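# Breakdown of the fold
Here is what each chain is made of, one letter per residue.
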Amino acid sequence: MEQTAERKKLAHVSSSPHFRTPVTTRRLMLDVVIAMIPALLWGVYHFGFYALVVTIATVAACVISEYVYERCMKLPITIDDGSAVVTGMILALNMPPQIPLFIPVLGGVFAIIVVKQLYGGLGQNFMNPALAARCFLMISFAKPMTDFTMPGAVDAVSSATPLAVMKAGESVSLTDLFIGNISGTIGEVSALALLLGAAYLLARKVISIRIPGMYILTFVVFMLVFSGHGLDPYYLACQVCGGGLIFGAFFMATDYVTGPLTPAGQMVYGVILGVLTGIFRVFGASAEGVSYAIILSNILCPLIEKYTVPTAFGKGRYVELTKKLLVENKDTKHVAKEGR
Amino acid sequence: MSKYLERIWNGIIKENPTFVIMLGMCPTLATTTSASNGFGMGLATTAVLVFSNLVISALRNIIPDKVRIPAYIVVIASLVTIVQLLMQAYVQGLYNTLGIYIPLIVVNCIIMGRAEAYAAKHSPLLSMFDGIGMGLGFTLALTIIGFCRELIGAGSVFGYEIIPADFHVSIFVMAPGAFFVLAVLTALQNKLKAPSATNLSEEERNARKKQGQKTGCDGNCQNCMLHAEEIAANVAKRAEEVKKS
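Residues numbered from 1 in each chain as written. Chains lettered and ligands numbered in written order. Predicted model: local features only at pLDDT ≥ 70, side-chain atom pairs only at ≥ 80, totals over all residues. Heavy atoms only, no water.

## Observations concerning the overall build of chain A
Put simply, the test is: The secondary structure listing takes helices from DSSP runs of H or I that are at least 4 residues long and strands from runs of E that are at least 2 residues long, numbered from the N terminus. The buried label goes to any residue with under 20% of its type's maximum accessible area, the exposed label to any with over 50%, and the partly exposed label to all in between, with areas taken from a 1.4 Å probe on protein chains only. In what follows, residue pairs with any heavy atoms lying within 4.5 Å of each other are defined as contacts. In this description, accessible areas are obtained by the Shrake-Rupley approach with a 1.4 Å probe, and a residue is regarded as covered only by the protein chains that are shown.
A count of helical and extended segments in chain A gives 16 helices and 0 strands. Across the 340 residues in chain A, those meeting the buried criterion constitute 45%. Contacts spanning at least 24 positions in sequence make up 74% of the contacts within chain A whose residues lie at least 6 apart. For chain A, the exposed surface amounts to about 18200 Å²; the carbon and sulfur share of it is 67%.

Right, here's the structure in full:
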């Protein structure tokens, strides 16, 4: 034993990587949390203090369930990497502001334990945990999850989201949409706050523009063709700013774990997302379709990656061509020999 | 334990058709929206299973080997028709809720599986007890799944509501809920190590380990990986044998 230890010290040749990047999971997750803070602040300002309570409860539910699960299964405790915090925040920002607290808490437990940990923890889940939990809650608690009552309103009249208003054929104010003076879930209402966070993520190079860019572009083109409104910039802008499109495109579709990693794959992924969202919004029964579009595309992700693997150095088209020629030559020689 | 009781124990616990052998998944997932539905489906299947095992076992020396599957299906389908008509006559409500799944008992893997694996090789009485055991195991599993789904999804137990409507997690009475509950219950079964075909008991495993034998599935996937080379070698050997012959 001693000898081997000595030898290791003398000539320690480890396999690659020899250089390590300072970017850690923790750093990335912290950036995402920072980027979501403007949207959260706006949500709290716009909907009241209860929105903050919902967010804290959801984050706590996620972190605690991750801790308890890993403790019970005797796994390394990974709550300090911040991924559970991000899941909790995304889930909370997807909640309507008047939600009874037990619903987001249940969603947080579901996201972490069923969607993330049962598949092997961070990096192994095939679906975005927060979005899967949101869909779980949408199906389970349809009524409270779609109750976008504006808190503080005198009569507490339930108000429709801008997308629902547009679906009904009426028009909405783009300025209100952009700033976030509308009803909706806690985090999705203010396009401005979300874009601020997105700009931060892009500047920090946490995300690339490929997925969100292609997503929104495809969506706009799809709406241009199929929405029946034609080239109406005002309507298109409202469709982009309303609902969860911007939040989904920059914060949820760009999840490393559940999205493709290859550059070409990311473009394809964005296109699929855009088309699916368009289909759900135009032809679907409900006004919104971002979350279902994203989890459906999550499932397609391995297939996309399979067909978009970039060519490695030394394995290009010409190398293949040369190989093919060599093989053909061999074959002809072979045939010639046999013929003789 | 007498060999007849052993059959029943085997069907309910050791080789439970749902949680251990994983047969008959279609009715398991589709008809367990409530405990009473699961119970009804389980009993209907049990009735068919008991008599199909009895009849097939009695005819096992007459049925030619080459056409045994069509022969089994004729027997099973006749029994299912009888059960279906009886249910339509006497338990109309259950008949309406189960709908298409009653005629589908014909293609239930448990019934075909037991006919092929057991009834075709054993005496009628023993086969009948095997049918009773398997049927009760199936009924028990379906009732438990239905109970969990009904309790969480609709807040009621055998139709009596005990949880207020605001707290119903209604996804559990829909299709995904069936998968959740089945997965969790199967995992629990595996965790509790009920001795079964795939789950050796602690002593058996230790004895095998001592002799350096494979220990079967002990819930540790690495165990299989340790034998991966051996398995690959066996597969290659077998392939060569096939090639030669």
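## Some thoughts on empty space enclosed by the protein
All names here are of chain A. Operational definition: Residues are called lining when one of their atoms sits within 4 Å of a cavity or pocket point, these points coming from a 1 Å grid over the protein atoms alone, where a cavity is a set in which a 1.4 Å probe fits but cannot get out and a pocket is an open set with protein on both sides within 12 Å along at least five of seven lines. Grid points are joined across faces, edges and corners, and a volume is the space filled by probe spheres set on the points. Nonpolar residues are Ala, Val, Leu, Ile, Met, Phe, Trp, Tyr, Cys and Pro. Charged residues are Asp, Glu, Lys and Arg, and all others, Gly as well, are polar.
For the structure shown, the criterion picks out 1 cavity of 30 Å³ or more. Within this model, the largest cavity holds a volume of roughly 70 Å³. Taken together, Asn94, Leu131, Arg134, Glu188, Gly244, Phe247, Met252, Glu288, Val290 and Ser291 make up the full set of residues lining the largest cavity. Put simply, the parts of the chain that give the lining of the largest cavity at least two residues each are helix 6 (129-140), helix 13 (245-252) and helix 15 (290-307). Of the residues that constitute the lining of the largest cavity, the class distribution is 4 nonpolar, 3 polar and 3 charged.

## Digging into the environment of B:Ala30
Here B:Ala30 shows up in helix 2 (residues 25-30). Each C-alpha atom of the pair B:Ala30 and B:Ala175 lies 7.2 Å from the other, and the pair is 145 residues apart in sequence.

## Comments concerning the pattern of salt bridges
Rules: The salt bridge criterion pairs a side-chain nitrogen of Lys or Arg with a carboxyl oxygen of Asp or Glu, the two atoms within 4 Å.
Using the criterion set out here, one finds 9 salt bridges over all chains in the structure. A:Arg281 serves as the salt-bridge partner of A:Glu288, at 3.0 Å between the closest nitrogen and oxygen. Neither residue differs from the other here; A:Glu288 and A:Arg281 are each classed as buried. Two residues, B:Glu241 and B:Arg238, come together in a salt bridge whose shortest N-O distance is 3.2 Å. With a gap of 3 residues between them, B:Glu241 and B:Arg238 both fall in helix 11 (residues 228-244), about one helical turn apart. Classification of B:Glu241 by relative accessible area gives partly exposed; the value is 42%. One network of salt bridges, in which partners are shared, links B:Glu6, B:Arg7, B:Arg114 and B:Asp130.

## What about the packing of helix 11 (residues 210-226) of chain A against helix 12 (residues 233-241) of chain A?
Residues and elements named next belong to chain A. Note the threshold: Where helices are involved, their axes are fitted lines through C-alpha atoms of the stretch in contact, as for all axes, and angles between N-to-C directions lie from 0 to 180°. Throughout, the term roughly parallel applies to angles under 35 degrees, roughly antiparallel to angles over 145, roughly perpendicular to angles from 65 to 115, and oblique to all others. Handedness of a crossing is defined here by the sense of rotation of the near helix relative to the far one, left-handed for an anticlockwise turn of less than a right angle and right-handed for a clockwise turn.
The contact between helix 11 and helix 12 brings their axes to 10 Å, and the two run at 135°. Judged by the angle between their axes, helix 11 and helix 12 are oblique. The interaxial crossing formed by helix 11 with helix 12 has right-handed handedness. Contacts between helix 11 and helix 12 involve Ile216, Phe219, Val220, Met223 and Leu224 from the former and Tyr235, Leu236, Gln239 and Val240 from the latter. Among the residues making up the contact of helix 11 with helix 12, the classes are represented as 8 nonpolar, 1 polar and no charged.

## Digging into the packing of aromatic side chains
The relative placement of two aromatic rings is captured by the distance of their centres and the angle of their planes. Selection rule: In this analysis, rings of Phe, Tyr and Trp, with Trp reduced to its six-membered ring, are considered paired at centre separations within 6.5 Å, and the interplanar angle assigns stacked below 30 degrees, edge-to-face beyond 60, and tilted for intermediate values.
Applying the stated criterion across every chain yields a total of 12 aromatic pairs over all chains. Considering the side-chain rings of A:Phe110 and B:Phe180, the 5.5 Å spacing of their centres and the 75° angle between planes classify their relative orientation as edge-to-face. Of this pair, A:Phe110 sits in helix 5 (residues 102-116) while B:Phe180 sits in helix 8 (residues 175-191), each in a different chain. On the basis of relative accessible area, B:Phe180 is assigned to the partly exposed category, the value being 24%.

## Brief notes about the environment of A:Ala264
As for its placement among the helices and strands, A:Ala264 is situated in helix 14 (residues 263-283). C-alpha of A:Ala264 to C-alpha of A:Thr308: the two residues are 44 residues apart in sequence and 5.9 Å apart in space.

## Side note on the interface of chain A and chain B
Note the cut-off: A 3.5 Å cut-off defines polar contacts: any pair of N or O atoms within that distance qualifies, except that in protein one atom must be a possible hydrogen donor and the other a possible acceptor, and neighbouring residues in sequence count only when both atoms are side-chain atoms.
Facing 8 residues of chain A, the contacting portion of chain B comprises 9 residues. Seen at the junction of chain A and chain B, the total is 0 salt bridges. Scanning the region where chain A abuts chain B turns up 3 residue pairs in polar contact (both at pLDDT 80 or more). Only helix 5 and helix 6 of chain A provide two or more residues apiece to the side of chain A that touches chain B.

## Considering the confidence of the model for chain A
Keep this limit in mind: Per-residue confidence from the predictor is reported as pLDDT, which spans 0 to 100.
In the predicted model, chain A carries a mean pLDDT of 84, and 88% of its residues have values of at least 70. Ranking the elements of chain A by mean pLDDT puts helix 1 (residues 2-10) of chain A last with 55 and helix 5 of chain A first with 94.

## Quick look at the layout of surface pockets
A volume near 1300 Å³ is recorded for the largest pocket. Listed by contribution, the elements that provide at least two residues to the lining of the largest pocket are helix 3 (49-72), helix 5, helix 6 and helix 15 of chain A together with helix 7 (124-154) and helix 8 of chain B. Counting residues per element, the lining of the largest pocket draws most heavily on helix 8 of chain B, which supplies 10 residues. Grouping the amino acids of the lining of the largest pocket by side-chain chemistry returns 32 nonpolar, no polar and 2 charged.

## Here's the deal with helix 4 (residues 68-90) of chain B
All names here are of chain B. Heads up, the condition is: The span expected for a helix works out to 1.5 Å for each residue beyond the first.
With 23 residues, helix 4 should reach 33 Å at 1.5 Å per residue; the first-to-last C-alpha distance of 33 Å fits that figure. Looking at helix 4, one finds that the buried residues are Ala71, Tyr72, Val75, Ile76, Leu79, Val80, Val83 and Met87. At its buried positions, helix 4 is contacted by helix 3 (35-58), helix 5 (92-98) and helix 6 (109-119).

## Quick notes on helix 14 of chain A
The first and last C-alpha atoms of helix 14 of chain A sit 30 Å apart over 21 residues, in line with the 30 Å expected at 1.5 Å per residue. Structurally, helix 14 of chain A contributes buried residues whose contacts are with helix 8 (162-167), helix 11, helix 12, helix 13 and helix 15 of chain A.

## Some points on the packing of helix 14 of chain A against helix 15 of chain A
Residues and elements named next belong to chain A. Viewed as axis vectors pointing N to C, helix 14 and helix 15 meet at an angle of 145°, and their least axial separation amounts to 9 Å. Note on packing geometry: the crossing formed by helix 14 with helix 15 is right-handed. Contact residues: Gly265, Val268, Tyr269, Ile272, Leu273, Leu276, Thr277, Phe280 and Arg281 in helix 14; Val290, Tyr292, Ala293, Ile294, Leu296, Ser297, Asn298, Leu300 and Ile304 in helix 15. In terms of residue class, the contact of helix 14 with helix 15 is made up of 13 nonpolar, 4 polar and 1 charged.

## Some details on the side chain of A:Glu188
All names here are of chain A. Stated precisely, the cut-off is as follows: Two residue types count as positive, namely Lys and Arg, and two as negative, namely Asp and Glu; His and chain ends fall outside the count.
Mapped onto the fold, Glu188 is located in the loop between helix 9 (174-179) and helix 10 (191-203). Buried Glu188, no salt bridge; nearest opposite-charge side chain is Arg134, N-O distance 5.4 Å. Within the structure, the side chain of Glu188 is placed 3.4 Å from the backbone nitrogen of Thr185, a separation counted as a polar contact. Every residue in contact with Glu188, bar those within four places of it in the chain, is listed here: Leu93, Leu194, Gly243, Gly244 and Glu288.

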